[in-house]
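# Fold and geometry: a report
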Amino acid sequence: MPMTSQPDFDTLTVADIARLADSDRLPPVDRWHPDHCGNSDMRIARDGTWYHQGSPIGRAAMVRAFSRILRREPDGGYVLVTPVEKLDIEVEDAPFVAVELKAEGEGRDSTLAFRLNTGDVVTASADHPLRFVAHDDGPHPYVHVRGGLEALIARPVYYELAERALAGDDGETPGVWSAGAFFPIAP
């Protein structure tokens, strides 16, 4: 089955992004419960690079296909799952990376949409919250994608969020609004 090319993120409106996200039909990985079959010999690095047996997977279509059968387990682990097998996969930080931001509106009327390294899109909202975790090397921002899976927000995109938070600071807690929800930017 050929993969359709992803539209140019820069030309999309936030409404276009919401329609794309709503129309994306993912496999029902939450309903598949095969017996555990072993390890996939795959790893997702902190920068979003997918590896198999130590070598990077260079085909974007292959990464996208694998990302669609990725599931977070109740114990916090990650698996690639099909109706007949379940394989562990190592994830160094988050399985996705938010690499682009599209912002429309200001203040409480803002909507923030992200393009992930897999080509998927997600709009920050109460259902897809942003969170910020303090680490020794600075804050690590995340956006919830689906089913306990998150995207680490790339540093340049985080700087865009921080700039929006500071521009809107009116003495309240610095943060950003998206789709009617407020997200404090400090952990």
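Remember, it's a predicted structure, so these values are computed and weren't measured experimentally. (Residues numbered from 1 in each chain as written. Predicted model: local features only at pLDDT ≥ 70, side-chain atom pairs only at ≥ 80, totals over all residues. Heavy atoms only, no water.)

## Here we look at the environment of Lys102
Put simply, the test is: We count a stretch as a helix when DSSP gives it H or I for four or more residues in a row; a strand needs E for two or more, and each element gets its number in order from the N terminus. Between buried and exposed lies partly exposed: a residue is buried under 20% and exposed over 50% of the maximum accessible area for its type, with that area taken using a 1.4 Å probe on protein chains only.
Secondary-structure assignment places Lys102 in strand β7 (residues 96-104). Taking the relative accessible area as the measure of exposure, Lys102 reaches 16% and is therefore buried. With 13 residues separating them along the chain, Lys102 and Arg115 place their C-alpha atoms 8.2 Å apart.

## Some remarks on the sheet that holds strand β9 (residues 121-123)
Put simply, the test is: When DSSP finds at least two bridges between two strands, those strands are taken to pair. Helix axes are fitted only over the stretch in contact, all axes being lines through C-alpha atoms; the angle between N-to-C directions runs from 0 to 180 degrees. By the convention used here, residues are in contact when the closest approach between their heavy atoms is within 4.5 Å.
With mixed pairing, six strands are arranged side by side in an open sheet as β9-β8-β7-β12-β11-β10. One side of each edge strand has no neighbouring strand; the edge strands of this open sheet are β9 and β10 (130-135). Mean inter-strand twist for the sheet, computed between neighbouring axes without regard to direction, equals 40°. Along the sheet face, helix α3 (residues 155-167) touches β7, β8 (111-116), β10, β11 (138-146) and β12 (149-153) and points at about 35° away from the line of β7.

## As for the nonpolar core
Quick reminder of the rule: Nonpolar cores are built from buried Ala, Val, Leu, Ile, Met, Phe, Trp, Tyr and Cys residues. Side-chain atoms within 4.5 Å join them into one set.
Judged by nonpolar contacts, the single largest core of 41 residues is most densely connected at Trp50, Leu70, Ile89, Phe114, Leu130, Ile153 and Leu161. The dominant element in this core, judged by the number of residues it contributes, is α3, at five residues.

## Examining the side chain of Glu150
Applicable threshold: For the purposes of these results, a polar contact is taken to be a pair of N or O atoms within 3.5 Å, where, inside protein, one atom must be able to donate a hydrogen and its partner to accept one; residues adjacent in sequence count only when each atom of the pair is a side-chain atom.
Mapped onto the elements, Glu150 comes out in strand β12. Of note is the side chain of Glu150, whose polar atom sits 2.7 Å from the side chain of Arg131. Discounting chain neighbours no more than four positions away, the residues touching Glu150 are Ala94, Pro95, Phe96, Arg131, Tyr142, Val143, His144 and Val145.

## Observations regarding the pairing of β7
Where β7 and β12 come together, three bridges link them in parallel fashion. Residue pairing in the sheet places Ala98 in a bridge with Ile153 of β12. With six bridges joining them, β7 and β8 adopt antiparallel strand pairing. From the neighbouring strand, Glu100 faces β8, where its bridge partner is Arg115.

## A closer look at the packing of aromatic side chains
What counts is decided by this rule: Here is the rule: rings of Phe, Tyr and Trp (six-membered ring for Trp) pair when centre to centre is within 6.5 Å. Planes less than 30 degrees apart are stacked, more than 60 are edge-to-face, and the remainder are tilted. The criterion for a charge sitting over a ring is simple: Lys NZ or Arg CZ within 6 Å of the ring centre, and within 35 degrees of the ring normal.
Enumeration according to the criterion identifies four aromatic pairs in this entry. Taking 6.5 Å as the distance between ring centres and 15° as the angle between the ring planes, the aromatic pair formed by Trp50 and Phe66 counts as stacked. Of this pair, Trp50 sits in strand β2 (residues 50-52) while Phe66 is found in helix α2 (residues 60-67), placing the two residues 16 residues apart along the sequence. Centre to centre, the rings of Trp177 and Phe182 are 5.2 Å apart; their planes meet at 55°, and the pair counts as tilted. Here a set of aromatic residues connected by ring pairs shows up, and it is made of Phe132, Tyr158 and Tyr159. When the ring centre of Tyr51 is taken as reference, the NZ or CZ atom of Arg43 above it lies at 4.2 Å. A cation over a ring is seen here: Arg131 above Tyr142, with NZ or CZ 4.6 Å from the ring centre.

## What about α2?
Selection criterion: Taken from the helix axis, the directions to the C-beta atoms give the arc we talk about.
Residues Val63, Arg64 and Ser67 constitute the buried set of α2. End-on, the buried residues of α2 take up no more than an arc of 100°, which puts them together on one face. Packing partners of the buried residues in α2 comprise β2, β4 (70-72), β7 and β11.

## Some thoughts on the pattern of salt bridges
What counts, and what does not: For this document, the term salt bridge refers to a Lys or Arg side-chain nitrogen within 4 Å of an Asp or Glu carboxyl oxygen.
Applying the stated criterion across every chain yields a total of eight salt bridges. With a closest N to O distance of 3.2 Å, Asp93 and Arg46 form a salt bridge. Of this pair, Asp93 sits in the loop between β6 (86-91) and β7 while Arg46 sits in the loop between β1 (36-44) and β2, and the two are 47 residues apart along the sequence. Since its relative accessible area comes to 21%, Asp93 is described here as partly exposed. Across the salt bridge formed by Asp120 and Arg68, the nearest N and O atoms sit 3.8 Å from each other.

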